[in-house]
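# Residue-level structural notes
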Amino acid sequence: MTAPACPPARVLVAERISAGGLDLLRVAGHEVDVRLRMNPAELIEAVAGAQALIVRSATQVTGEVLEAGADLTVVGRAGVGVDNVDLAAAARLGVTVVNAPLSNVLSAAEHTVALLLAQARNIPQAHAALVAGRWERAQWEGVELAGKTLGVVGLGRVGRLVTERLAPFGMAIVAHDPYVSSEQVSGLPIELVSLCELLARSDFVTLHMAKTPETAGLIGAEALAVAKPGVRIVNVARGGLIDEAALAEALRSGKVAGAALDVFDGEPIESSPLFGLSGVVVTPHLGASTVEAQRRAGVDVAEQVNDALAGRPVRFAVTPPAAAG
Ligand code: MLT
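Residues numbered from 1 in each chain as written. Predicted model: local features only at pLDDT ≥ 70, side-chain atom pairs only at ≥ 80, totals over all residues. Heavy atoms only, no water.

### What about the overall build of the protein chain?
Rules: A run of H or I in DSSP counts as a helix once it spans at least four residues, and a run of E counts as a strand once it spans at least two, with each numbered from the N terminus. Here the globule rule is a power law, 2.2 Å times the number of residues to the power 0.38, and the radius of gyration is based on C-alpha atoms. Each residue is placed in one exposure class: buried if its accessible area under a 1.4 Å probe, protein chains only, is under 20% of its type's maximum, exposed if it is over 50%, and partly exposed if it falls in between. Throughout, a residue-residue contact means that at least one pair of heavy atoms, one from each residue, lies within 4.5 Å. Residue-level accessible areas treat just the shown protein chains as cover; the underlying method is Shrake-Rupley with a 1.4 Å probe. In this tally, Asp and Glu contribute negative charge and Lys and Arg positive charge; neither His nor the terminal groups of the chain are included. For the purpose of locating charges, the reference atoms are NZ of Lys, CZ of Arg, CG of Asp and CD of Glu.
Each helix and strand in the protein chain was counted, giving 11 helices and 12 strands. For the protein chain, whose C-alpha radius of gyration is 22 Å, the value lies close to the compact-globule estimate of 20 Å for 325 residues. Its C-alpha atoms put the protein chain at 65 × 50 × 35 Å along the principal axes. Burial status across the protein chain gives 50% buried among its 325 residues. A fraction of 60% describes how many contacts in the protein chain between residues 6 or more apart in sequence connect residues 24 or more apart. A total accessible area of about 15,300 Å² is found for the protein chain, and carbon and sulfur atoms account for 56% of it. Put simply, the protein chain has 26 plus and 34 minus side-chain charges, and the middle of one group is 5 Å from the middle of the other.

### Some points on the side chain of Asn 306
Along the chain, Asn 306 falls in helix H11 (residues 291–309). Beyond its immediate sequence surroundings of up to four residues, Asn 306 is in contact with Leu 24, Leu 25, Ala 28, His 30 and Arg 312.

### With respect to the site of the ligand
Which entries qualify depends on this criterion: One heavy atom suffices: a residue is near a molecule or strand as soon as one of its heavy atoms comes within 4 Å of it. Between N or O atoms, a polar contact is any pair within 3.5 Å; within protein, one atom must be a potential hydrogen donor and the other a potential acceptor, and residues adjacent in sequence are included only when both atoms are from side chains. Residues are sorted three ways: Asp, Glu, Lys and Arg are charged, Ala, Val, Leu, Ile, Met, Phe, Trp, Tyr, Cys and Pro are nonpolar, and all the rest, Gly among them, are polar.
Neighbouring the ligand are Arg 56, Ser 57, Arg 77, Gly 79, Val 80, Gly 81, Asn 104, Arg 238, His 285 and Ala 288. Take Gly 81: an N or O atom from its main chain is 2.8 Å from an oxygen atom of the ligand. Here His 285 contributes a side-chain N or O atom positioned 2.6 Å from an oxygen atom of the ligand. Contact with the protein chains hides 91% of the accessible area of the ligand, taken as 260 Å² for the molecule alone. Here the shell around the ligand is composed, by residue class, of 2 nonpolar, 5 polar and 3 charged.

### Re the environment of Gly 63
Within the fold, Gly 63 resides in helix H3 (residues 63–68). Put simply, Gly 63 and Asp 86 are 23 residues apart on the chain and 5.9 Å apart in space, counted from C-alpha to C-alpha.

### Focus on helix H10 (residues 244–253)
Along H10, the positions that sit buried rather than exposed are Glu 244, Ala 246, Leu 247, Ala 248, Ala 250 and Leu 251. Looking at the packing, one finds that the buried side of H10 touches helix H9 (221–226), strand E10 (231–235), strand E11 (256–261) and strand E12 (280–282). Two residues or fewer after H10 comes Gly 254, characterised by a positive phi angle close to 90°.

### Quick look at the packing of aromatic side chains
What counts is decided by this rule: Two rings belonging to Phe, Tyr or Trp (six-membered ring only in the last case) form a pair when the distance between their centres is within 6.5 Å. Interplanar angles under 30 degrees mark stacking, angles over 60 mark edge-to-face geometry, and anything in between is tilted.
Summed over all chains, the structure comprises 1 aromatic pair. Judged by centre distance (6.1 Å) and plane angle (90°), the rings of Phe 264 and Phe 275 are edge-to-face. One end of the pair, Phe 264, is in the loop between E11 and E12; the other, Phe 275, is in the loop between E11 and E12, with 11 residues separating them in the sequence.

### Description of the sheet that holds E11
Here is the rule: Whether two strands pair comes down to DSSP finding at least two bridges between them. Here, axes are lines fitted to C-alpha atoms. For helices the fit covers the stretch in contact, and angles between N-to-C directions go from 0 to 180 degrees.
Spatially, the 7 strands line up as an open sheet ordered E8-E7-E6-E9-E10-E11-E12, and their pairing is parallel. Strands at the two margins of the open sheet, each flanked by one partner only, are strand E8 (190–192) and E12. Strand-to-strand twist across the sheet, computed as the mean angle between neighbouring axes with direction ignored, equals 20°. The pairing of E10 with E11 spans 5 bridges and is parallel. Each residue of the ladder has a partner; that of Val 234, found in E11, is Ala 260. Sheet strands touched by helix H7 (residues 157–166): strand E6 (149–153), strand E7 (172–176), E8 and strand E9 (204–207). Its angle to E6, the strand with the most contacts, is close to 170°.

Functional significance is not addressed by these values, which are geometric in nature.
Following this line, the structure appears as structure tokens:
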């Protein structure tokens, strides 16, 4: 048997990742300690003595967790968003944070299209009615996408994949992204506009940005007030980008015709003022939940955890790599 290339480390895996990812960690000779559904106190206890911690989006990697993990070299985020990791504390403590930014963008884009269509055609509501014995054809009349304007807020990887998939439906596309120039979209069927103009013109608005102090609550009462009457809003990006109480109010008043939401403020949630509203379609943060995306996320994060533990450069460092010790 070949000896492992790097000294064994304890890798604490706090959320489910793919078997392929776990195998890569084991083959590198590490002790893989899978402990799912820990509460914050249990996580703080378990992280002591671990050299690596792997999470998805449900685990809050706070400054307290990072302090308790005095031996941590690396935190691996098996997915894109790192808003559940205290990056400032990680940088201060010299812990490298890595993510898997390419792993699930396709799945997130496909889920966006699925939710948008499901909302436009009332598919979950009609399904629920029919399986409950009600043949409700008149109640669930939908709208077509052709000839409508799609507003894409955030033109990163997922936003672009969504435009590529929805433009062939005959939608006109306007987009807002302060980090994208008109040269970068030249030749594409995308018109860059201000957020205000996007809201005023769009029949469907879809959000594709990280949650940061600048973007939290971006779609609140003020934004909804300038939105086109009858707009439909889709969020497969992050909870907290939308003020959910303001959205519920706009749905009740009829200003917003519908919403399709995969993400919520303070997940997991069991109830919301949005749940009882008939134009609302929801899923429990399933954007990245496909076999393919989870396989990629597990492998991408495990490879980088192995690299970080071996003192090699990592592919996707979110915080500066920790000095090899
Ligand atoms: C992500 O940020 O990668 C997605 O929200 C999926 C996830 O966290 O599992």
